[in-house]
Amino acid sequence: MSNHVHLIIGTKDKPLESILRDIKRHTSKALVKAIDENKLESRREWMLWFFEREGQINPNNEHHQFWQQGSYPIELWSNEVMDQKLDYLHNNPVVAGWVDEAEHYLYSSARDYAGGKGLIDIILLV
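Quick look at the structure, then.

Rules used throughout
- Residues numbered from 1 in each chain as written.
- Predicted model: local features only at pLDDT ≥ 70, side-chain atom pairs only at ≥ 80, totals over all residues.
- Heavy atoms only, no water.
- 1 Å grid on protein atoms, 1.4 Å probe; cavity = no way out; pocket = protein on both sides within 12 Å on 5 of 7 lines; lining within 4 Å.
- Points joined across faces, edges and corners; volume = space filled by probe spheres on them.
- Nonpolar A, V, L, I, M, F, W, Y, C, P; charged D, E, K, R; others polar.
- Salt bridge = Lys/Arg side-chain N within 4 Å of Asp/Glu carboxyl O.
- Buried < 20%, exposed > 50% of the residue type's maximum accessible area, 1.4 Å probe, protein only.

**Examining the layout of surface pockets**
Step number 1: In this model, the second largest pocket occupies a volume close to 590 Å³.
Step number 2: Along the walls of the second largest pocket sit 20 residues, with K24, R25, S28, N61 and H64 positioned nearest its centre.
Step number 3: A breakdown of the residues in the lining of the second largest pocket according to their chemical character gives four nonpolar, 10 polar and six charged.

**Comments concerning the pattern of salt bridges**
Step number 1: On inspection of all chains with the given rule, the structure shows nine salt bridges.
Step number 2: Between R44 and D36 there is a salt bridge whose closest N-O contact spans 3.3 Å.
Step number 3: For R44, a relative accessible area of 13% gives the class buried.
Step number 4: Among the residues examined, D36 registers a relative accessible area of 35% and is labelled partly exposed.

Here it is in structure tokens:
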């Protein structure tokens with residue numbers, strides 16, 4: 001989706017909060033850098049100004065704020081709940097009207113579940 005991310009992640013070695021913090025830190029730095037380097041992007045200056053302004057408002061930031069503070073984890077405590085959330089995650093772009101089939105959304109693991117190959121390596125939930 002263009003303004004949010006859904007993830008199903010698990011961990012045994014690191015606290016979930018640390019994983020999410022590291023994902024947000026890495027992606028925000030990479031995306032701000034990509035925006036800064038793309039001189040053809042017509043909204044470039046506005047986006048950089050906006051992320052920097054938001055970063056100055058929040059003392060937890062070094063420079064920019066790309067992601068909202070916090071997260072909304074939901075424990076997947078049963079196979080039924082896991083299937084429900086995976087279906088919700090995969091159908092989000094369909095409900096938004098971006099694609100007709102979940103596996104057609106480029107940034108979704110629905111491609112992997114349909115037998116194709118998505119953009120990142122995943123472990124299928126079975």
